[in-house]
Amino acid sequence: MAPAKKRNVSSVKTAEKSAKKAKVDLSKSVERILESRKHANDVFDILESLQKEVISAVAACSELFCALLERKELFLGKLPGEEDALSGGYSAQDKYQIFMRHRYTSCVEILLEHLSHEQYDIKVSCLAMCCLMKFAAGEGRHPLEDLDWSEHYSFPRELIQALVDNLLSKTTDNSLLISRFQQFLEMEDVRYYVMSSIRDNVGKVMDKNKGAVVPVYQNNVFTLMSSISMPNQESELTNFMVKQEAKHEDWKAAKLHEHKRVFERMWLGFLKYKLPNSMYKKVLVILHDSILPYMSKPTLMIDFLTAAYEIGGAISLLALNGLFVLIHQHNLDYPDFYKKLYNLLEPSVFHVKYRARFFHLANLFLSSSHLPVYLVAAFAKRLARLALTAPPTALLIVLPFIYNLIRRHPSCRVLIHKPSTEDEPFEDPYLMDEEDPAQCRALESSLWEIKSLQKHYHPDVAKAALLINTPLSEQEDDISETLEVTTYELMEKDLKQPELKSVPLEFETATRLLKGGGDTTFALLEPFYTCSSFI
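Residues numbered from 1 in each chain as written. Predicted model: local features only at pLDDT ≥ 70, side-chain atom pairs only at ≥ 80, totals over all residues. Heavy atoms only, no water.

Draft legend 1. Spotlight on the UniProt feature "transmembrane region" (unreviewed entry) in the protein chain. Here, the residues flagged by UniProt with the feature "transmembrane region" (unreviewed entry) are residues 304–327, 358–379 and 386–406. For residues 358–379, the end-to-end C-alpha separation is 14 Å, with 68% helix and 0% strand making up the annotated structure. Here residues 386–406 is 81% helix and 0% strand, with 17 Å between the C-alpha atoms at its ends. (UniProt positions renumbered as here; feature names shortened; annotations may be inferred. Helix = DSSP H or I, 4+ residues; strand = E, 2+ residues; numbered from the N terminus.)

Shown next as structure tokens:
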């Protein structure tokens, strides 16, 4: 074993020495190229190293081409082919600049490949991305192309588009790399053109796939879009990668309403295609906080929210949250809102991951005192019926929820004080299977289910159900404290209750091991003989 270890150590040292030597050689190559044009061919050695000694080669490329951009030694304008440059009437200066511009283009292409290449780790990808952003900043200060100055000014839009295209891989999950890219999105102009590039990319890719779900790609798109933090005021637009020398205020990237317009088109362009079910949840969770407030016309989300509701389950609930925001804040007319919320009340709602969020939102939706009595009664009755089979943790939410509904709408007290005749069998007129709350006949019924829960096995539930026997106070119950309570927490609470000194038993408790003067065997077994189950 010893010789093997020595060989491994020596091989590691040899690799480290060769890496240091390669780094030194690349640094010297960069120095020679910048000192004299006669060493221009050394650039091929640097580009070749991008496939081998990647980390040191990326640093060398960054130093070399950033310096060439600053010196303006890369060809400006439409780039001719290298053969055309040799045969055409170009000066030696032009030929050198054309040559180095082609090398720069090759370098950019290799770095773009490193962004999502499975052969390289995240460190290499991050270095490549940072190098490309340095190139973008350099091109912003010293443009290489004749741009549409009225539209894009001197921003390297093509390079940013290529960077975004490679971040949004269809086969590789780039979540970590995108999280690293988020720091560049804090710059106003980068954010503006990244949003525009995302929209263009999504349209091309999804149309090519005929709108079919592409999970990895769509996850990358969502990760990048959700990383974008929009400004609230135009005065916040101060951090730019490229500062325009003239008419900076007229630049679209410097206007808040243009940011909102591009932001809106980006999200609408993404959400018009079918998404994986898990993606609907991710989008809907952030919709009301991170998307709708920054859209020019939030009501354009109605088609997406309607389609999301049709999926069912927790997705439907989250979709109704977005619809509620549009109804109350943007005057959207959506008459079936409460009917759809009513139909979400099913036994499974007590067991889903979003149970706490469901009841929090339902409490918000039903908080208005202007809702019709029949509607509130329908919700109270349906919840009471579902409570018969609900777990204790859910009942500690449902019972205060029903009481709050009755407090807000005193006309619903008829559900509690419904006169009944004990001699006659009771037949509940409530129609549980009716989808329309206006037709379910809830006001003709009563909350007898809560009366039944007064015999519940869990003391906290039974205690909560007993409150219906007394006049309800005007102060509403705060259900926020019970929304997140789990079965484990409920059991822990019960176990921490003070022990009772005496508990009724079905046998006589033994006070000592042996009773004096008696049969030893009988003394040991006496508690079992006197057990009532054997009598």
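Okay, back to it.
Draft legend 2. Up close: the state of the cysteines. Applying the stated criterion to the full structure yields zero disulfides. Cys126 takes part in no disulfide bond, and the closest cysteine sulfur, belonging to Cys130, lies 6.4 Å away. Between Cys131, a cysteine without a disulfide, and Cys107, which holds the nearest cysteine sulfur, the sulfur-to-sulfur distance is 5.6 Å. A residue is classified by how much of its surface remains accessible, and Cys131, at 3% relative accessible area, is buried. (Disulfide = S-S within 2.5 Å. Buried < 20%, exposed > 50% of the residue type's maximum accessible area, 1.4 Å probe, protein only.)

Draft legend 3. Representation of the environment of Ala319 within the structure. For Ala319, the location among the structural elements is in helix α14 (residues 313–330). Expressed as a C-alpha distance, the spacing of Ala319 and Thr306, which sit 13 residues apart in the sequence, is 7.4 Å. If sequence neighbours within four positions are ignored, Ala319 has contacts with Leu284, Leu305, Ala308 and Tyr309. (Contact = heavy atoms within 4.5 Å.)

Draft legend 4. Representation of the packing of α14 against helix α16 (residues 355–365) within the structure. At a minimum axis separation of 10 Å, α14 and α16 run at an interaxial angle of 30 degrees. Of the possible angle classes, the one that applies to α14 and α16 is roughly parallel. The crossing of α14 and α16 is left-handed. When α14 is examined against α16, the residues Leu317, Leu318, Leu320, Asn321 and Phe324 are found in contact with a partner set consisting of Arg357, Phe358, Leu361, Leu364 and Phe365. Looking at the contact of α14 with α16 residue by residue, the class counts come to eight nonpolar, one polar and one charged. (Axes fitted to C-alpha atoms, helices over the stretch in contact; angles between N-to-C directions. Parallel < 35°, antiparallel > 145°, perpendicular 65-115°, else oblique. Left-handed = near helix turned anticlockwise from the far one by under 90°. Nonpolar A, V, L, I, M, F, W, Y, C, P; charged D, E, K, R; others polar.)

Draft legend 5. Structural view of the packing of aromatic side chains. Applying the stated criterion to the full structure yields 23 aromatic pairs. Taking 5.8 Å as the distance between ring centres and 10 degrees as the angle between the ring planes, the aromatic pair formed by Tyr280 and Phe304 counts as stacked. Of this pair, Tyr280 sits in helix α12 (residues 277–291) while Phe304 sits in helix α13 (residues 302–309), placing them 24 residues apart in sequence. The burial state of Tyr280 is the same as that of Phe304; both residues are buried. Linked through ring pairs, Phe155, Tyr192, Tyr193, Phe240 and Trp251 together constitute an aromatic cluster. Geometry around Phe99 places Arg103 over its ring, the cationic atom sitting 4.8 Å from the centre. (Phe/Tyr/Trp six-rings, centres within 6.5 Å; stacked < 30°, edge-to-face > 60°. Lys NZ or Arg CZ within 6 Å of the ring centre and 35° of its normal.)

Draft legend 6. Local environment of the pattern of salt bridges. Inspection of the entire model under this criterion finds 15 salt bridges. Note that Glu310 is salt-bridged to Lys340, the shortest N-O span being 4.0 Å. Here the residue Glu310 occupies a position in the loop between α13 and α14, and Lys340 occupies one in helix α15 (residues 337–343), the gap between them amounting to 30 residues. Exposure remark for Lys340: the relative accessible area of 15% places this residue in the buried category. Between Arg385 and Glu449 there is a salt bridge, with its nearest N and O atoms 2.9 Å apart. Placement of Arg385 in helix α17 (residues 373–387) and of Glu449 in helix α19 (residues 448–452) is noted, with a sequence separation of 64 residues between them. Bridged by salt links that share partners, the residues Lys381, Arg385, Asp428 and Glu449 form one connected network. (Salt bridge = Lys/Arg side-chain N within 4 Å of Asp/Glu carboxyl O.)

Draft legend 7. Layout of α17. Taking 1.5 Å of rise per residue, the 15 residues of α17 would be expected to cover 21 Å, and the 21 Å separating its terminal C-alpha atoms lies within 8% of that figure. Counting buried positions along α17 gives twelve out of 15 residues, so the element sits mostly inside the fold. Taken together, the buried positions of α17 are Leu375, Val376, Ala377, Ala378, Phe379, Ala380, Lys381, Arg382, Leu383, Ala384, Leu386 and Ala387. Residues of α17 that are buried sit in contact with α15, α16, α18 (392–408) and α19. (Expected span 1.5 Å × (residues − 1).)

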